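What follows is the residue order along each chain.
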Amino acid sequence: MGEILLEVATDAPFGHGVPAQLGISGDALNVAASAAAAGARVGLLSVLPDDDLGQAIAARIRELGISTELLKFRTGQQGVYLVHCDPDGQREFSYARSGSVGSTLSPEDIDPAVFSAAGAVIAGGIACAISASSRAAVLKAAALSRRFVFDPNFRPRLTSVEDATAVLADLAPRTFLVTPSFPGETSALLACSSPKEAAAKLRRLGAATVAVTCGAEGIQLEGEQDSVWIDSIPAPSVVDQTGAGDAFVGTLTARMVLGDSLPVAARFGAAAASLVVGGKGGTGFIPTFEQTRAHASTGAKGGLPSHA
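The rules behind these values
Residues numbered from 1 in each chain as written. Predicted model: local features only at pLDDT ≥ 70, side-chain atom pairs only at ≥ 80, totals over all residues. Heavy atoms only, no water. Helix = DSSP H or I, 4+ residues; strand = E, 2+ residues; numbered from the N terminus. Buried < 20%, exposed > 50% of the residue type's maximum accessible area, 1.4 Å probe, protein only. Salt bridge = Lys/Arg side-chain N within 4 Å of Asp/Glu carboxyl O. Axes fitted to C-alpha atoms, helices over the stretch in contact; angles between N-to-C directions. Parallel < 35°, antiparallel > 145°, perpendicular 65-115°, else oblique. Left-handed = near helix turned anticlockwise from the far one by under 90°. Contact = heavy atoms within 4.5 Å. Nonpolar A, V, L, I, M, F, W, Y, C, P; charged D, E, K, R; others polar.

### Some points on unusual backbone geometry
- The omega angle of the peptide bond from Phe182 to Pro183 is 5°, so this bond is cis rather than trans.
- Locating Pro183 in the fold gives a position in the loop between strand E9 (177-178) and helix H7 (184-190).
- You will see that Ala191, though not glycine, has its phi angle at about 55°, which is positive.
- Topologically, Ala191 is positioned in the loop between H7 and helix H8 (195-205).
- Note on Ala191: relative accessible area 64%, which makes it exposed.

### Brief notes about the pattern of salt bridges
- Tallied over the full model, the rule gives six salt bridges.
- Between Glu222 and Lys196 there is a salt bridge, with the nearest N and O atoms lying 2.9 Å from each other. On the criterion of sequence distance, the pair formed by Glu222 in strand E11 (residues 218-222) and Lys196 in helix H8 is long-range, its members being 26 residues apart.
- For Glu222, a relative accessible area of 12% puts it in the buried group.

### Section: the packing of helix H1 (residues 27-37) against helix H9 (residues 244-257)
- Orientation of H1 relative to H9, taken along the N-to-C sense of each, is 45°, at an axis distance of 7 Å. Here H9 runs oblique to H1, going by the angle between their axes. Like other packed secondary-structure pairs, H1 and H9 cross with a definite hand, here right-handed. The residues of H9 that touch H1, namely those facing Asp27, Asn30, Val31, Ser34 and Ala35, are Asp246, Ala247, Val249, Gly250, Thr251 and Ala254.
- Grouping the constituent residues of the contact of H1 with H9 by class yields five nonpolar, four polar and two charged.

Printed below as a string of structure tokens:
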């Protein structure tokens, strides 16, 4: 669940006459697409404009193998972001999303029967930051879900450290999995200087499982039965880093719901994240699970754990 955005991507710095590629992205869509590619049956709760653009976005969602049954259509402005990527895949963003139709998501949009029956529900800090009603919807979803997954996804342009920290503390006791990034989010929101310290703090706050993503280094996993370091997997090519973290969250969650252990699911998540950066845009390249499995087996140090 969350906001879907129209993506305008360029290879050159922004300027008049610069060629651009349109795409559909946003953290919620990126996560859902990766979860669907990893083998899960996925629905996406979001609000789209009730016009031709909204229908075009819905068509792209269906193309990605995601159910559109939970989508809401209302009169309003579609959120947009512009992104420029340099040759190393580093990104420069500019957003036009204030008051977007996506930010009108509210608790009334939550179907209790759907959310309580789902194998997992994934939401992020962006959905909590874009409006009070969207934040309330996330809180309701967390209360209903059997497995609630939360990606803090802290964005200083959208919310303050204090508010984001309060949301994380409020949701942690209700979460099956939390996926903060190190060092940015763990330092800002948890005042922790190491991945293991951050994971331990979130466990004390009530989170059942924690996966601290450490960029190109790897992932620190902490749960009731697991305390494991997962090495990152080198990317075959880097075009655009947009959506890499989302691919990790979506793939990891899907594979856990489908029965994989936390370490195995995390290895698949790391593999998917290192593949998606080879495409342009948040959903420019979503690897199939066969591609992800093969990359996880050949790219990780020591291959997959023996029980994969």
